[in-house]
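Now for the letters of each chain:
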Amino acid sequence: MEITAPEAEELALSFLVEDLEIPPDEQDYFAVLNSRPIGEDWYVVEIGVEGFPDKWVIQVYDTHECDPCYAFVSPMPPTEANTDLDELPQSLAEVLLTHRSEQKV
């Protein structure tokens, strides 16, 4: 089975907003930042919130499945986790705050 970059990106985005329980009216804040094929069998898709330095990295396989063990990457140290979140809807700010606070440095 093959998968294309647009399919992988769509699958990763849908998977992430569902996994993070993002309300439908806040899902437009998310965007695919990058995607790249790894061999012929899968893609790595990076998704972020527009205007923020954070990203989630998700593997999408040719079976059209997303690896549930995705990574979160942020340049924000946990001690500054709540920086710059005022302009976001509360539920989205909470998601970023939680992920930033839990990341290992």
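Here the structure is shown first, and the text comes after it.
Here is what the cut-offs are and how they apply
- Residues numbered from 1 in each chain as written.
- Predicted model: local features only at pLDDT ≥ 70, side-chain atom pairs only at ≥ 80, totals over all residues.
- Heavy atoms only, no water.
- Salt bridge = Lys/Arg side-chain N within 4 Å of Asp/Glu carboxyl O.
- Helix = DSSP H or I, 4+ residues; strand = E, 2+ residues; numbered from the N terminus.
- Buried < 20%, exposed > 50% of the residue type's maximum accessible area, 1.4 Å probe, protein only.
- Phe/Tyr/Trp six-rings, centres within 6.5 Å; stacked < 30°, edge-to-face > 60°.
- Pairing = 2+ DSSP bridges.
- Axes fitted to C-alpha atoms, helices over the stretch in contact; angles between N-to-C directions.
- Contact = heavy atoms within 4.5 Å.

Moving on: the pattern of salt bridges. Summed over the entire model, instances satisfying the criterion amount to four salt bridges. Between R36 and E46 there is a salt bridge; the shortest N-O distance is 3.2 Å. Of the two residues, R36 is situated in strand β1 (residues 30–38) and E46 in strand β2 (residues 42–49); the sequence distance between them amounts to ten residues. In this structure R36 comes out as partly exposed when scored by relative accessible area, which is 33%. You can call E46 buried: its relative accessible area is 11%. Residues K55 and E46 are paired through a salt bridge, measuring 3.4 Å at the closest nitrogen-oxygen approach.

Turning our eyes to something else, we now look at the packing of aromatic side chains. In total, this model carries four aromatic pairs according to the counting rule given. For the pair W56 and F72, a centre-to-centre distance of 5.1 Å together with 55° between the ring planes defines the contact as tilted. Of the two residues, W56 sits in strand β3 (residues 55–61) while F72 sits in strand β4 (residues 71–73), which places them 16 residues apart along the sequence. Across the pair, exposure class does not vary: W56 and F72 are buried alike. An aromatic cluster of at least three residues, connected via ring pairs, comprises F30, W56 and F72.

Once that is clear, we can look at the sheet that holds β4. With antiparallel pairing, four strands are arranged side by side in an open sheet as β1-β2-β3-β4. This sheet does not close on itself; its edge strands, each paired only once, are β1 and β4. Each strand of the sheet is rotated relative to its neighbour by a mean of 25°, with strand direction disregarded. With three bridges connecting them, β3 and β4 associate as antiparallel partners. Bridge pairing links W56 to F72 in β4. Each of β1, β2 and β3 touches helix α1 (residues 5–19); the most contacted strand, β2, lies at about 50° to it.

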